[in-house]
Amino acid sequence: MTDTRLARPGDIVAIASDHAGVELKTALKGELSALGFVPLDLGTNSSDSVDYPDFGHALAQAILDKKAVAGVAICGTGIGISIAVNRHAGIRAALAYDDATAKLAREHNDANVLAMGARIVNADQAKTMLKTFFATPFAGDRHARRVAKLG
Ligand code: RB5
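Bear in mind that the values here come from a model prediction, so they are computed numbers and not experimental data. (Residues numbered from 1 in each chain as written. Predicted model: local features only at pLDDT ≥ 70, side-chain atom pairs only at ≥ 80, totals over all residues. Heavy atoms only, no water.)

### Describing the nonpolar core
- Ranked by internal contacts, the top residues of the largest apolar core, which has 24 residues, are Leu-28, Val-72, Met-116 and Phe-134.
- Those elements that place two or more of their residues in this core are β1 (12-17), α1 (22-34), β3 (70-75), α4 (99-107), β5 (113-117) and α5 (123-135).
- Top contributing element to this core by residue count: α5, with five residues.
- Not counting residues within four places of it along the chain, the set of residues in contact with Met-116 comprises Leu-28, Val-72, Ala-73, Ile-74, Cys-75, Thr-77, Gly-78, Leu-95, Ala-96, Val-121, Ala-126 and Met-129.
- The next biggest cluster of nonpolar side chains, apart from the first, holds 16 residues, and it includes Phe-55, Ala-62, Ala-68 and Val-113. (Core = buried A, V, L, I, M, F, W, Y, C linked by side-chain atoms within 4.5 Å. Buried < 20%, exposed > 50% of the residue type's maximum accessible area, 1.4 Å probe, protein only. Helix = DSSP H or I, 4+ residues; strand = E, 2+ residues; numbered from the N terminus. Contact = heavy atoms within 4.5 Å.)

So this is what it looks like as structure tokens:
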């Protein structure tokens, strides 16, 4: 049977945020390591104001360049950075806001980036969502046909 998990222990997972997400990024980097992944931190690394598209595009490019197998994108709401990441063909960023959406993003959409809003979810919720996202395989079947139509 095909292994449709997004990443396996030892795989590199890119993580990026703007200034609004920098604290949550630090917490989630630790969680990625605890899950056995190797985080690739693409910044930002301070609370100085930056533009989320710069970090979203860098995250998508790291995956397209195969420097990472998957990504985690954070801004204040998760909206801006998920829009930026999704402007790249082959990248499917899911803006999840609870455990159920983190799970369905993998099962139905084969999302390869988990986007979250640091002003929307707290660190504990975000860690649970991260764990669920990476533990959930893609369900394939009718969903594969739909995902293929995304381009
Ligand atoms: C920054 O203040 C904020 O606009 C950004 O983090 C994000 O929420 C945009 O979608």
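### So, the side chain of Ser-82
- Along the chain, the position of Ser-82 falls in helix α3 (residues 79-85).
- With near-sequence residues (within four places) excluded, Ser-82 lies in contact with Ala-93, Leu-95 and Ala-115.

### Let's talk about the packing of α4 against α5
- Packing of α4 against α5 leaves a shortest axis separation of 8 Å and a crossing angle of 20°. Taken together, the axes of α4 and α5 are roughly parallel relative to one another. In the packing of α4 onto α5, the handedness of the crossing is right-handed. Here Asp-99, Ala-102, Lys-103, Ala-105 and Arg-106 of α4 come into contact with α5, specifically with Thr-128, Met-129, Thr-132 and Phe-133.
- Considering only residue class, the contact of α4 with α5 consists of four nonpolar, two polar and three charged. (Axes fitted to C-alpha atoms, helices over the stretch in contact; angles between N-to-C directions. Parallel < 35°, antiparallel > 145°, perpendicular 65-115°, else oblique. Left-handed = near helix turned anticlockwise from the far one by under 90°. Nonpolar A, V, L, I, M, F, W, Y, C, P; charged D, E, K, R; others polar.)

### Overview of the pattern of salt bridges
- All told, the structure shown has five salt bridges when counted by the stated rule.
- A salt bridge links Glu-107 to Lys-103, with the nearest nitrogen and oxygen atoms 2.8 Å apart. Residue Glu-107 and its partner Lys-103 are both found in helix α4; the two are separated by four residues, about one turn of the helix.
- For Asp-110, the salt bridge identified is with Arg-106, shortest N-O distance 2.8 Å. (Salt bridge = Lys/Arg side-chain N within 4 Å of Asp/Glu carboxyl O.)

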